[in-house]
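# Architecture and fold: a report
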Amino acid sequence: MHQAGRSQAGIFQQDGRHHVFLEFDCLDGMRGLPGRQLLTHEGSQVIAFGKRLTDSLESISSPPGLRDFTAVKGTSGLSAPATQHDIFIWLQGNERDELFATALAWCEVFGLIADLAAENHGFVFRDSRDLTGFVDGSGNPKGDARMEAALINAGEHAGGSFVLAQRWVHDLAAFGKLQVAEQEHVIGRTKPDSVELAPHIMPRDAHVARTDLPDAKIYRRSTPVGGVRDPGLFFLAFSADADRYRVLLESMYGLAEDGCHDRLLVYTTPISGSFYYAPPVAGLAAVFGADTCTG
Ligand code: HEM
């Protein structure tokens, strides 16, 4: 049995074509949060907290391994910035106007206790492709393996999940100058039908070669974001273990033993990065049910 607690259903909900990602900074010492009336959107929203806030909340505790995102300094001048915030809200659905209304409602209930620090609006591009034109999500764990990858499987945090949220900006002009066969070598899958390249032709700096690691399985729910001037991806992933993100980022940024960095990083750059903890539903209800005073 991989999850004693019930996880937030939105983690695995797949049918929304529109997405909103909100990140808030909140007052020190919050023991609970306002906005219980907005928890009715279960299934179409996921809520998670940074370590500072999780530590101060009365009804939940930080799972071992939860920490603030720290900047990654890779080889060849590559880096990923840290922009840690306190509250992360991900909304998904097919009616963009309703998502927008829910986003406004969250901003309103948090009015006195938190500031909106970042907002991103995402969308499903064609058949779940990222804006480079490659299908994103093909290598995700399927069936029960999704829960094993995404959810803490035992103990008081069972059903909870470690979240990585990063806004990336692509250099589509540079990527578009590559022949399709070369683009496929950057990603490690074919472009039209997302078939993984055979081991003998998979370059060791291909994105799939850097991230298909047996001990670092995560469940990704990224979507394209931005406009034509700043096209990119909101990378969003759920993991049973915080350490898997370190292993993956080290492998991508040339910090693993082989010193090789992910060639995808030549064409796309993160401009934000935060870790959060998405508690199981019971924990979430308690956070929003408790006294919101600062302690
Ligand atoms: C702009 C940034 C990124 C883009 C455009 C991107 C795109 C892709 C694409 C097209 C694939 C192949 C299809 C699939 O399996 O989904 C893939 C696979 C994958 N990516 Fe990314 N990715 C990005 C960042 C990241 C980051 C930051 C991580 C980890 C922290 C990551 C982890 C993975 C993993 C684990 C796989 C599956 C490998 C496998 O098991 O085959 N990606 N990504």
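See the structure above.
Rules used in this analysis
Residues numbered from 1 in each chain as written. Predicted model: local features only at pLDDT ≥ 70, side-chain atom pairs only at ≥ 80, totals over all residues. Heavy atoms only, no water. Helix = DSSP H or I, 4+ residues; strand = E, 2+ residues; numbered from the N terminus. Rg over C-alpha atoms; globule rule 2.2 N^0.38 Å. Buried < 20%, exposed > 50% of the residue type's maximum accessible area, 1.4 Å probe, protein only. Areas by Shrake-Rupley, 256 points an atom, 1.4 Å probe, with all protein chains shown as cover. Lys, Arg positive; Asp, Glu negative; His and termini not counted. Charge placed at Lys NZ, Arg CZ, Asp CG, Glu CD. 1 Å grid on protein atoms, 1.4 Å probe; cavity = no way out; pocket = protein on both sides within 12 Å on 5 of 7 lines; lining within 4 Å. Points joined across faces, edges and corners; volume = space filled by probe spheres on them. Nonpolar A, V, L, I, M, F, W, Y, C, P; charged D, E, K, R; others polar. Core = buried A, V, L, I, M, F, W, Y, C linked by side-chain atoms within 4.5 Å. Contact = heavy atoms within 4.5 Å. Donors = N, O, S within 2.8 Å, 3.2 Å for Na, K, Ca; no water. Expected span 1.5 Å × (residues − 1). Arc of directions from axis to C-beta. Near = heavy atom within 4 Å. Polar contact = N/O pair within 3.5 Å; in protein donor to acceptor, adjacent residues only side chain to side chain. Pairing = 2+ DSSP bridges. Salt bridge = Lys/Arg side-chain N within 4 Å of Asp/Glu carboxyl O.

As a further point, take the overall build of the protein chain. Helix and strand content of the protein chain: eight helices and twelve strands. By the compact-globule yardstick of 19 Å for 295 residues, the protein chain fits well, its C-alpha radius of gyration being 19 Å. Split into buried and exposed, the 295 residues of the protein chain put 52% on the buried side. As presented, the protein chain carries roughly 13100 Å² of accessible surface, and 53% of it is formed by carbon and sulfur atoms. Taking the average location of the 26 positive side-chain charges in the protein chain and that of its 37 negative ones, the two points are 4 Å from each other.

Let us look at the layout of surface pockets. In this structure, the largest pocket encloses a volume near 740 Å³. As for the largest pocket, its lining consists of 37 residues, and the residues nearest its centre are Asp 136, His 207, Thr 211, Arg 220 and Phe 235. If you list the elements that add at least two residues to the lining of the largest pocket, you get strand 7 (161-170), helix 6 (207-211), strand 10 (232-239) and helix 7 (243-252). For the lining of the largest pocket, the residue count by class is 17 nonpolar, 13 polar and seven charged. In this structure, the second largest pocket occupies an estimated 350 Å³ of space. Lining the second largest pocket are 20 residues, and of these Gln 14, Ser 128, Asp 136, Arg 221 and Ser 222 sit closest to its centre.

Formed by 48 residues in total, the largest nonpolar core has its most connected members in Leu 33, Phe 49, Trp 106 and Phe 288. Leaving out residues up to four positions away in the same chain, Phe 288 has contacts with Leu 33, Pro 34, Gly 35, Arg 36, Leu 39, Ile 47, Phe 49, Trp 106 and Phe 110. The next biggest cluster of nonpolar side chains, apart from the first, holds 19 residues, and it includes Phe 12, Trp 90, Tyr 276 and Ala 278.

We now examine the coordination of the iron atom of the ligand. Of all protein atoms, just one serves as a donor to the iron atom of the ligand, and that atom is His 207 (NE2), at 2.0 Å. Within the secondary structure layout, His 207 lies in helix 6.

Taking 1.5 Å of rise per residue, the 14 residues of helix 2 (residues 96-109) would be expected to cover 20 Å, and the 20 Å separating its terminal C-alpha atoms lies within 8% of that figure. Along helix 2, the positions that sit buried rather than exposed are Leu 99, Thr 102, Ala 103 and Trp 106. Across the axial projection of helix 2, the buried residues extend over an arc of 100°, all falling on one side. Exposed and oriented more than 90 degrees from the buried face of helix 2 are Asp 97, Leu 104 and Glu 108.

Once that is clear, we can look at the site of the ligand. Taken together, 25 residues form the shell around the ligand, and within it Gly 137, Ser 138, Gly 139, His 207 and Arg 220 come nearest. Within the backbone of Gly 139, one N or O atom sits 2.6 Å away from an oxygen atom of the ligand. Between Asp 212 and the ligand, the recorded distance is 3.3 Å, taken from a side-chain N or O atom to an oxygen atom. Among the elements of the structure, strand 7, helix 6, strand 10 and helix 7 are those that each provide at least two residues to the shell around the ligand. With four residues, strand 7 is the single largest residue contributor to the shell around the ligand. Here the residues of the shell around the ligand are counted per class, giving eleven nonpolar, eight polar and six charged.

Let us now look at the pairing of strand 5 (residues 87-93). Burial runs high along strand 5: seven of the seven residues are buried. Every second residue of strand 5 is oriented toward a common face, with Ile 87, Ile 89, Leu 91 and Gly 93 on one face and Phe 88, Trp 90 and Gln 92 on the other, all of them buried. Of the pairings in the sheet, the one linking strand 1 (residues 18-26) to strand 5 comprises seven bridges and is antiparallel in character. Bridging from a neighbouring strand, Phe 24 pairs with Ile 87 of strand 5. The pairing of strand 2 (residues 45-49) with strand 5 spans five bridges and is classified as antiparallel. When the bridges of strand 5 are listed, Val 46 appears paired with Trp 90.

Moving on, we get to the pattern of salt bridges. Tallied over the full model, the rule gives 14 salt bridges. The partner of Arg 189 in a salt bridge is Glu 196, with the nearest N and O atoms 3.8 Å apart. According to the relative accessible area criterion, Arg 189 is buried, its value standing at 14%. Since its relative accessible area comes to 37%, Glu 196 is described here as partly exposed.

Nothing here speaks to function; it is all geometry.
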